[in-house]
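Results of the structural survey
Listed below, chain by chain, are the residues.
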Amino acid sequence: MPKIESLFNNNTLKLNYMLTNYFKTALRSILKTRIFSLINISGLAIGTAAFLLITLYVQFELSYDKMHRNSENIYRVQLDQYLNNELAISSAECYPGVGPALLEELPEVTSYSRLYNMGYKNNVVITYEGAPNGPIQYKHRKFLYADSSFLPLFGHSLKYGSVEKALSDPFTAVISEEYAKMYFGEENPIGKMLRLRDDDYNDELCTITGVFQKLPQNTHLKFDILFSYKTLIARGDWAPARYDASWQREDMYVYVELRPGTDADKVESKLPALVDKYSPGLADQNREDILRLQPLESIHLHSRLAEEAEPNAKADNVYILGVIAVFILIIAWINYINLSTAKAMERANEVGVRKAMGALRNQLMWQFLMESAIINLIALLLSLIIIVLVLPMFNGLSGMGLTMLDLLAPWFLLTSVSLWFMGTLLSGLYPAFILSSFKPVSVLKNKLKKSSGGAILRKSLVVFQFTASVALIAGTIIVYNQLNFMMNKSIGMDIDRVLVVERPGVVSRDRDVIQSNIDVFRNSTLENPEIKALATSLTIPGKKREYKMGVKKYGDSDENEIVVRINSMDYDFVDVFDMEVLAGRTFSKDYPNDPDTAMVITASVAHLLGYENLEDAVGQTLYSNQFQWSGIIIGVVNDYHQEALQKALDPVLFYCTPYNGEFYSMKISGAHTDDVIKHVNESWNKAFPGNPFEYFFLDDYFNQQYMSEKKFGGLFTTFAVIAVFVGCLGLLGLSSFTARQKTKEIGVRKVLGSSVAAIVYLLSLDFVKLILLSTAIAVPITYYLMDQWLDTFAYQTTMPIMAYILAGSAVLFVAFVTVSFQTVKAARANPVDSLRYE
């Protein structure tokens, strides 16, 4: 045993000595070539920082809703409605009766929960009347009615109250910790009463039974307050049929939990039979309802349905950014490989001497790998410092709220360490293999020949780098071109300088009083000469609620029924939004029956009904089987986009509602905006006391639909520039090395009369050829990929050829400047210095 222990100790000492020697030698080599080491470390640090930042973003987007209990077994029920075999609407909302039916009929379903998105549909005002300084009230947007099963189904926890019992009774509510402080200060909110009032005339006093902490960002269901679903059912004898068992109105989010291991596709195959059982007679109306199961974890990136709880991201954009991250990292590693192999000839003597002294090839490889490990470690540490410094800027660009704690997450630390290990091997293994392969006899006799294979590899890697750079710059131009196209294309309405307020949530049940209040608001508002017109409507451009119905020409067969979107307008709507009347007239006070019998349609409705001449549509009667309703077309207006241009425009039918609109839109001059808003606020308080005043400008509201594209464009551009910069760092090192290798050649050429310009041209020509080749390779690849991306938009710009010309020219210019920095310096050097010893 003592001998074995002694042998073990000796081997340990030898290993420690060997590693220490490797470390010292590697560090000495790094310090000896400071410029090249600085370029390597800088490129690796910036590339690694960019990769890790994008990884943080991609991980965040992919993590949506995965924090919920049993998230892999939770599904949202999607409803697709067809009319005459044509898809009318794909909705995230479903019938209230679907949840109970699935639990009763399908053994695979273990639980369900329904959510009524009241805050999105109605104007809800919630008031705490017991505050010592008078009532405290807020208008709520993130407000839901929820089944008692919702909290345990999603695994939500409560700071105060019982998860299982908090929503089990009517007229109970749970509230966020943030809003609890806004309403109740530091008092214990449990048992406190909140009064809910909305524009459906509901007035309910509810008891706080629970408080939840702030929800994570990465969930598609965000809410500030939940009222018990049983509150809806307790509204009257009619309520259970409406809110509990109905298969008539599709206005509930329905989530179901399946037993672990259940095949969701098999469960989905059973749903048509349930629809036939609970909604008989659809076929007689040429209608079809199809229920689908959406995995909870896929909603954020893959769902584009009507009535989404919030705008979702696009999976393609996330994946594209992930690819960019990998490209940047590979470019940084390529820099290291290129510079290390290019300097191989300079280190040949070192290798020859070490081998002559008895060093083995694997020992030399370990030495060079140690050098790679140190450089990659320094680069990793610098990249983490860079991330900390730019984190606030990155949060602003990506819309995330990252903190230092996110950088200490186990997955992030593991990724960082793995990146260091992979970088050491992938960027260091090939140079180590090349350097350790030199034969000492050839080296010491100065008979070592340059490898053409090494030069070809370096050129190939440079071509890859700049192919990626050209592709990224061209992609950036196309992304911004598409974004500008969508944001600047006319939507068929003038939404600039339109100030909007939503109708009040606290209203009288007396219709005459409501109409009088609206008249007071309208007349008082229009007293300001800066306000040109005021209109009310059911919805406004940018509002994603899809009110649709089937209509046909009166007396026509049901097979000819078409699907139209429904909106309302009053007498001034066309003036506020500057729409064009193409045939007939719009609603007018001179025609008292307009609110009862008249309708205005867009041009696409007329064409779908078979009227090529729009005037022929005027005077025709339309009928809806779905609502047993008819009306006479009095006019045709131009088509417009209700939603952003990612989606095709819908044919729209307007009915007349002078007093029942949900939005009040005012066309203002644009001058003295603050005074105008103050005036509108005063008019609001005069007409609708007890209602909080909130407003927005319609163009800002509409353009919020492009936030995902704007964020993607900003991230894409930023990291494309970083990729080009990292590539140019490597090019700077290579051009510097090339100039040093050709010092004597440059000296001879200058002695023979070559100009500086001719020498710069000679030294830059090879790099220029490589970049032109990169551009030629990048163009077809980028064209194909960006064409696929543009196909995800209903309206798209043409693929601009100029994007590729600009991208290639930009990369060529930047690369030429980078190369010229070294070549001009070499060309201007005194030839005597390079030829002195020849």
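Shown above is the structure to which this text applies.
I will try to describe carefully the structure that is included in this document. No experiment lies behind these values; they were computed from the predicted model shown. (Residues numbered from 1 in each chain as written. Predicted model: local features only at pLDDT ≥ 70, side-chain atom pairs only at ≥ 80, totals over all residues. Heavy atoms only, no water.)

Topic: the overall build of the protein chain
When you go through the protein chain residue by residue, the secondary structure sums to 29 helices and 23 strands. Counting across all 838 residues of the protein chain, residues that qualify as buried make up 52%. For the protein chain, the share of sequence-separated contacts (at least 6 apart) that also reach a separation of at least 24 residues comes to 80%. Surface exposure of the protein chain reaches about 38200 Å², of which carbon and sulfur atoms provide 58%. (Helix = DSSP H or I, 4+ residues; strand = E, 2+ residues; numbered from the N terminus. Buried < 20%, exposed > 50% of the residue type's maximum accessible area, 1.4 Å probe, protein only. Contact = heavy atoms within 4.5 Å. Areas by Shrake-Rupley, 256 points an atom, 1.4 Å probe, with all protein chains shown as cover.)

Points about the pattern of salt bridges
Between side chains of opposite charge, a pair can form as their charged atoms come close. Following the criterion strictly, the structure yields 28 salt bridges and no others. The shortest N-O distance in the salt bridge between Glu129 and Arg195 comes to 2.8 Å. Here Glu129, found in the loop between β4 (124–128) and β5 (136–140), pairs with Arg195, found in strand β8 (residues 193–198); they are 66 residues apart in sequence, far enough to count as distant. Its salt-bridge partner being Glu310, residue Lys222 comes within 3.0 Å of it at the nearest N-O pair. (Salt bridge = Lys/Arg side-chain N within 4 Å of Asp/Glu carboxyl O.)

Thoughts on the sheet that holds strand β23 (residues 696–697)
Pairing is antiparallel across the open sheet formed by four strands, whose spatial order is β14-β22-β13-β23. Two strands bound the open sheet, and with one partner strand each, they are β14 (531–537) and β23. Its contacts with the sheet put helix α18 (residues 511–525) on β13 (498–502), β14 and β22 (663–668), and the angle it makes with β14 is roughly 155°. (Pairing = 2+ DSSP bridges. Axes fitted to C-alpha atoms, helices over the stretch in contact; angles between N-to-C directions.)

A word on the environment of Ile632
Turning to its location among the elements, Ile632 is positioned in strand β20 (residues 629–637). Judged by relative accessible area, Ile632 falls into the partly exposed class, the value being 38%. Through-space distance from the C-alpha of Ile632 to that of Val618 is 7.9 Å; in sequence the pair is 14 residues apart. Excluding its chain neighbours within four sequence positions, the residues that come into contact with Ile632 are Thr597, Ala598, Met599, Gly619, Gln620 and Thr621.

Note that every value here comes from positions in space, so none of it alone points to a role or purpose.
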